[in-house]
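Descriptive analysis of the structure
For reference, the chains in residue letters:
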Amino acid sequence: MSEARSEPATHPATARASVVVAAHDEEQVIGRTLSALLSGSGPGELEVVVVANGCTDRTADRARQYAGVTVLECERPSKTEALRAGDRVATAFPRVYLDADIPATVATVRRLCEVLDGPGRPLVAVPSRHVEVTGRPWPVRAYTAVHRRLPVFERGLFGRGMIALSEAGRGRFTTFPDIVADDLFLDSLFTDEERVQLPDVATTVAAPMRTGDLVRRLVRVRRGNAELRRTSRGRQPGAGVRRSDRAAWLREVVLPRPWLAPAAVVYVALTGWAALQARRVPPSGAAAWGRDASTRTGVAR
């Protein structure tokens, strides 16, 4: 890996948590994310490490404008490589992994730290999530109406863009493997008794602005999940990679809520189409990451 590190920020040993942000061409949103994270934080309370990987825009320059933020640059567009680079620099625990487009607040970080602090506590914590669908086309809204109610999101660590690990939790693995599904990888390391979802804090996750972008996101998720299941079979500690419950949308979501039946038709159609597309040869490089550019530009059709 070719990596150039900017002049590091100085963090006192009392930093309450380290926040690692992997950012690929996030010039349009990285300022919003860092402003939300640092606003109201105490001096040296957070050790924030932004890793600009494979960027062709001014992501790194924008991040350097924020005092107390360490900025690294990697040539290759790879989220897992960025997470590894951030881990090598970060020093504090809990360790928070935050997506560059998630404007989480310091209050959320404090709450996550609170539940992870001390022996006998959970090893990993996540906030609840709110999916923003305002201004989205009706297929995206219909799909989300079913998807956001799936029971897997009550215990899973994915789909929030923010995961916090205690020092003991981070000790479950050495480095992030070269896979797309980094959040599912973390989810596989912990049993239900070792994790907690906080109902009193939440991240806002932007649904894709276009139906085509939603399908591409679903394809990326399917490929990433399949890759992780294939490469980690029989080798994962903790709970192991979750099995896909393909009937949960009907049994747990639609049957108890018959009024969601029209939305379920859209959900099944988009899920099936994404499954077909995922069988094709997966892309490489930045395309494999599958970042949804529509949520950065706010363009809807």
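In what follows, the structure referred to is the one given above.
Residues numbered from 1 in each chain as written. Predicted model: local features only at pLDDT ≥ 70, side-chain atom pairs only at ≥ 80, totals over all residues. Heavy atoms only, no water.

A short note on the overall build of the protein
For the record, the criterion: To qualify as a helix, a DSSP run of H or I must reach at least 4 residues; to qualify as a strand, a run of E must reach at least 2; elements of each kind are numbered from the N terminus. Relative accessible area decides the class of each residue, using a 1.4 Å probe on protein chains only: under 20% of the type maximum gives buried, over 50% gives exposed, and in between gives partly exposed. In this description, contact between two residues means that some pair of their heavy atoms is separated by no more than 4.5 Å. The Shrake-Rupley method, run with a 1.4 Å probe, gives the accessible areas here. Residue values count only the displayed protein chains as cover.
Tallying secondary structure elements over the protein gives 13 helices and eight strands in all. Counting over 301 residues, the protein shows a buried share of 49%. Considering only residue pairs separated by 6 or more positions, the protein has 80% of its internal contacts joining residues 24 or more positions apart. Accessible surface, the protein: about 14200 Å² in total, of which carbon and sulfur atoms supply 52%.

Comments concerning the packing of aromatic side chains
Put simply, the rule reads: Each pair of aromatic rings taken from Phe, Tyr and Trp, with Trp reduced to its six-membered ring, is defined by centres within 6.5 Å and is described as stacked if the planes are under 30 degrees apart, edge-to-face if over 60, and tilted in the remaining cases. Working rule: Lys NZ or Arg CZ, within 6 Å of ring centre, within 35 degrees of ring normal, means a charge sits over the ring.
Counting across every chain of the model gives seven aromatic pairs. Pairing Tyr143 with Tyr267 gives two aromatic rings, centres 5.0 Å apart and planes at 25 degrees, and the pair type is stacked. Separated by 124 residues along the polypeptide, Tyr143 in helix H5 (residues 138-147) and Tyr267 in helix H11 (residues 261-278) bring together distant segments of the chain. Of the two residues examined, Tyr143 and Tyr267, each falls in the buried class. On the numbers, 5.3 Å between centres and 90 degrees between planes, the contact of Phe173 with Phe185 is edge-to-face. One end of the pair, Phe173, is in the loop between helix H7 (167-170) and helix H8 (182-187); the other, Phe185, is in helix H8, with 12 residues separating them in the sequence. Neither residue differs from the other here; Phe173 and Phe185 are each classed as buried. Grouped by ring-pair contacts, the aromatic residues Tyr97, Phe173, Phe176 and Phe185 constitute a single cluster. Directly above the ring of Phe153 sits Arg129, whose terminal nitrogen or CZ lies 3.9 Å from the centroid. Sitting over the face of the ring of Phe173, Arg170 holds its NZ or CZ atom 3.9 Å from the ring centroid.

Considering the nonpolar core
Definition in use: Here, nonpolar core means buried Ala, Val, Leu, Ile, Met, Phe, Trp, Tyr and Cys residues that are tied together by side-chain atoms lying within 4.5 Å of each other.
Ranked by size, the top nonpolar core spans 53 residues in total, and within it Tyr97, Leu165, Phe173, Phe185 and Leu186 carry the most contacts. Of the residues forming this core, the biggest block, seven residues, is contributed by H11. Once you skip the residues sitting within four places of it in the chain, Tyr97 turns out to touch Val20, Leu83, Asp87, Gly161, Met162, Ile163, Leu165, Arg170, Phe173, Phe176 and Leu186. Ranked by size, the runner-up nonpolar core spans 32 residues in total, among them Ala23, Val69, Ala164 and Leu198.

Here we look at the side chain of Asp187
Locating Asp187 in the fold gives a position in helix H8. Setting aside its immediate chain neighbours within four residues, Asp187 contacts Arg155, Gly156, Leu157, Phe158, Arg195 and Arg242.

Points about the pattern of salt bridges
Two side chains that carry opposite charge are able to pair once their charged atoms sit near each other. Threshold: Any Lys or Arg side-chain nitrogen found within 4 Å of a carboxyl oxygen on Asp or Glu counts as a salt bridge.
With the rule as written, the count across this model stands at 21 salt bridges. In this structure, the salt-bridge partner of Arg62 is Glu27, at a minimum N-O distance of 3.5 Å. On the criterion of sequence distance, the pair formed by Arg62 in helix H2 (residues 59-64) and Glu27 in the loop between strand E2 (17-23) and helix H1 (30-38) is long-range, its members being 35 residues apart. The exposure class of Arg62 is partly exposed, given its relative accessible area of 30%. Of the charged contacts in the structure, one is a salt bridge between Asp61 and Arg64, with a shortest N-O distance of 3.2 Å. You can see Asp61 and its partner Arg64 sitting in helix H2, three residues apart, about one turn around the helix. A relative accessible area of 38% places Asp61 in the partly exposed class.

Observations concerning unusual backbone geometry
Working note: non-glycine residues mostly have negative phi, and peptide bonds are mostly trans. In this chain, Phe93 is followed by Pro94 through a cis amide linkage whose omega measures 0 degrees. Structurally, Pro94 can be placed in the loop between helix H3 (79-89) and strand E5 (95-99). Despite not being glycine, Asp25 shows a phi value in the positive range, around 50 degrees. Mapped onto the fold, Asp25 is located in the loop between E2 and H1.

So, the side chain of Thr80
Selection rule: N or O atoms within 3.5 Å of each other form a polar contact, as long as, within protein, one can give a hydrogen and the other can take it, and as long as residues adjacent in sequence are counted only when both atoms are side-chain atoms.
The residue Thr80 is located in helix H3 in this model. Residue Thr80 is classed as buried on the basis of its relative accessible area, which comes to 3%. Of the polar contacts made by the side chain of Thr80, one reaches the side chain of Ser78; its length is 3.4 Å. Not counting chain neighbours up to four residues away, the residues in contact with Thr80 comprise Phe176, Pro177, Asp178, Ile179 and Asp182.

Some points on the packing of H5 against H11
As a reminder of what qualifies: Only the contacting stretch of a helix is used when fitting its axis, a line to C-alpha atoms as for every element, and angles between N-to-C directions run 0 to 180 degrees. Should an angle fall under 35 degrees it is taken as roughly parallel, and over 145 as roughly antiparallel, whereas 65 to 115 is taken as roughly perpendicular and any remaining angle as oblique.
Where H5 contacts H11, the two axes come as close as 8 Å, and the packing angle between them is 95 degrees. Looking at the two axes, H5 sits roughly perpendicular to H11. Every residue of H11 that contacts H5 at Trp138, Pro139, Ala142, Tyr143, Ala145, Val146 and His147 is listed here: Ala263, Ala264, Val266, Tyr267, Leu270 and Thr271.

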